[in-house]
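Descriptive structure summary
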Amino acid sequence: GAVVSQHPSWVICKSGTSVKIECRSLDFQATTMFWYRQFPKQSLMLMATSNEGSKATYEQGVEKDKFLINHASLTLSTLTVTSAHPEDSSFYICSARESVAVWLAKNIQYFGAGTRLSVL
Amino acid sequence: QKEVEQNSGPLSVPEGAIASLNCTYSDRGSQSFFWYRQYSGKSPELIMFIYSNGDKEDGRFTAQLNKASQYVSLLIRDSQPSDSATYLCAVPAWGTASKLTFGTGTRLQVTL
């Protein structure tokens, strides 16, 4: 159980184009999903918290107009990198937290496989 | 002081030995603790979580909590080369029920 699917696994795009990344919880409902970015040899950096049916909450320093997040259902959140530039090249990882979970497990995050973005 | 701190390593242990990974946290009120393993180029996967009421063992993995000193440990018995990875410690962020604060991770190398 607790499988999170992320698509695509890698993408190469030209500078100035937009890229959409999908994150799906396959066997559970996720009111809350998270989007992280990780540069080589660095730790995870939380970009935003995605809440089903409401606006995402962005971390300080993350441009909300550049990284558009939509969480329209309990099993799907999308991250769109708008007008991507080479500095946006990174490993983007989503995670999902079960909506209905025992009290002990309420903070468990299950990660997708990640999307490697290369902007030329 | 960072909320969650880990020694970046690398921690090198021979195959078959016990690997001990430590993580210190700043929020004395933290109640749950998570260990994730991340292979190079891959996303994190949950190894285990513990609550503040005691240690936990799962196969070759044991998580131990020392609340007085505010650190949590992950012990890996009979270490295997396949255990070579970065181990991330995570604690719920202060003031929120959902966000996790991750440490920078400890890189473990199990040598033959």
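I will try to describe carefully the structure that is included in this document. What you see is a predicted model, and the numbers here were worked out from it, not measured in a lab.

Looking now at the overall build of chain B. When its secondary structure is counted, chain B shows zero helices and 11 strands. For chain B, the N- to C-terminal ordering of α and β elements is β-β-β-β-β-β-β-β-β-β-β. Against the globule reference of 13 Å for 112 residues, chain B gives a C-alpha radius of gyration of 13 Å, in line with a compact fold. Viewed in the frame of its principal axes, chain B has a C-alpha envelope of about 45 × 30 × 20 Å. Here chain B holds 112 residues, and the buried ones make up 46% of them. For chain B, the proportion of contacts with a sequence separation of at least 24, taken over those separated by at least 6, is 54%.

What follows deals with the sheet that holds strand β8 (residues 71-76) of chain B. Residue and element names in this part refer to chain B. Spatially, the five strands line up as an open sheet ordered β1-β3-β8-β7-β6, and their pairing is antiparallel. Either end of the sheet is taken by a strand with one partner, and the two such strands are β1 (4-5) and β6 (56-58). Across six bridges, strand β7 (residues 61-66) lies against β8 in antiparallel orientation. Residue leucine 65 lies in a different strand from β8, and its bridge partner there is valine 72.

Glancing now at the interface of chain B and chain A. Counting residues at the interface gives 20 residues for chain B, matched by 22 residues for chain A. Note on chain B versus chain A: buried area summed over both sides is about 1,700 Å², and carbon and sulfur give 62% of it. On inspection of chain B and its partner chain A, the count reaches one salt bridge. Lys99(B) serves as the salt-bridge partner of Glu59(A), at 3.0 Å between the closest nitrogen and oxygen.

The next thing to look at is the pattern of salt bridges. Residue and element names in this part refer to chain B. According to the stated counting rule, one finds six salt bridges over all chains in the structure shown. Across the pair aspartate 83 and arginine 60 runs a salt bridge whose closest N-O atoms are separated by 2.8 Å. With aspartate 83 in the loop between β8 and β9 (85-92) and arginine 60 in the loop between β6 and β7, the pair connects residues that are 23 residues apart, well separated along the chain.

Here we come to the state of the cysteines. In the structure shown here, the tally under the stated rule is two disulfides over all chains. Between the sulfur atoms of Cys23(A) and its disulfide partner Cys94(A) the distance amounts to 2.0 Å. The chirality of the disulfide connecting Cys23(A) with Cys94(A) is right-handed, given an S-S dihedral of about 80 degrees. Taken together, the residues Cys23(A) in strand β3 (residues 19-25) and Cys94(A) in strand β9 (residues 90-97) connect sequence positions 71 residues apart. Summarising the burial analysis for this pair, Cys23(A) and Cys94(A) share the class buried. At a sulfur-sulfur separation of 2.1 Å, the disulfide partner of Cys23(B) is Cys89(B). On the S-S bond that ties Cys23(B) to Cys89(B), the torsion sits near -70 degrees, and the link is left-handed. Of this pair, Cys23(B) sits in strand β3 (residues 19-25) while Cys89(B) sits in strand β9, and the two are 66 residues apart along the sequence. Residues Cys23(B) and Cys89(B) agree in their burial class; the two are buried.

Quick look at the nonpolar core now. Buried together is how nonpolar side chains tend to be arranged in soluble globular proteins. Counting residues in hydrophobic clusters, the biggest one holds 41 residues, and the most contacted among them are Tyr36(A), Phe67(A), Leu117(A), Tyr36(B) and Phe102(B). No other element matches the five residues that β9(A) contributes to this core. If near-sequence neighbours (up to four positions away) are discounted, Phe102(B) is found in contact with Tyr36(A), Leu44(A), Phe111(A), Val4(B), Tyr36(B), Leu88(B), Cys89(B) and Ala90(B). One finds Ala19(B), Tyr25(B), Leu74(B) and Cys89(B) within the second-largest nonpolar core, a separate group that totals 23 residues.

Residue and element names in this part refer to chain A. Within strand β4 (residues 32-38), seven of the seven residues are buried, which leaves it mostly tucked inside the rest of the structure. Taking every second residue as pointing to the same face, both faces of β4 are buried, with Thr32, Phe34, Tyr36 and Gln38 on one and Met33, Trp35 and Arg37 on the other. With six bridges connecting them, β4 and strand β5 (residues 45-51) associate as antiparallel partners. By the bridge assignment, methionine 33 is partnered in β5 with serine 50.

Our focus in this paragraph is the packing of aromatic side chains. In the structure shown here, the tally under the stated rule is nine aromatic pairs over all chains. Put simply, the rings of Tyr36(A), Phe111(A), Tyr36(B) and Phe102(B) touch in pairs and so form one group of aromatic residues. Over the ring of Phe91(A) we find Arg116(A); its NZ or CZ atom is 4.2 Å from the centre of that ring. Here the guanidinium or amino end of Lys56(B) rests over the ring plane of Phe49(B), the centre of that ring lying 4.1 Å away.

Calculation criteria
- Going along each chain's sequence as written, the residues are numbered from 1 onward.
- Note on labels: chains are lettered from A, ligands numbered from 1, in written order.
- For a predicted model such as this one, the threshold for reporting local features is a pLDDT of at least 70, and the threshold for listing and counting side-chain atom pairs is 80 or more; totals across whole chains, interfaces and linings nevertheless cover every residue.
- Excluded from the side-chain calculations are hydrogens and water; all other atoms, namely the structure's heavy atoms, are used.
- Helix and strand definitions here come from DSSP, where helices need a minimum of 4 consecutive H or I residues and strands a minimum of 2 consecutive E residues; each element is numbered from the N-terminal end.
- Note that the radius of gyration is over C-alpha atoms, with the globule rule given as 2.2 Å times the number of residues to the power 0.38.
- Only protein chains enter the area calculation, which uses a 1.4 Å probe; residues under 20% of their type maximum are buried, those over 50% are exposed, and those in between are partly exposed.
- Any pair of residues with heavy atoms lying within 4.5 Å of one another is described as a contacting pair.
- A pair of strands is labelled paired if DSSP reports no fewer than 2 bridges between them.
- Buried area: the sum, over both parts, of the accessible surface (1.4 Å probe) that disappears when the two are put together.
- One speaks of a salt bridge when a side-chain nitrogen belonging to Lys or Arg is within 4 Å of a carboxyl oxygen belonging to Asp or Glu.
- Put simply, a disulfide is two cysteine sulfurs that come within 2.5 Å.
- We call a set of buried Ala, Val, Leu, Ile, Met, Phe, Trp, Tyr and Cys residues a nonpolar core when their side-chain atoms join them within 4.5 Å.
- Only rings of Phe, Tyr and Trp enter the pairing, Trp through its six-membered ring, and a pair is recorded when the two centres are within 6.5 Å. The plane angle decides the type: under 30 degrees is stacked, over 60 is edge-to-face, the rest tilted.
- By definition, being over a ring means that NZ of Lys or CZ of Arg is both within 6 Å of the ring centre and within 35 degrees of the ring normal.

Everything listed here is a matter of geometry and, on its own, says nothing about what the molecule does.
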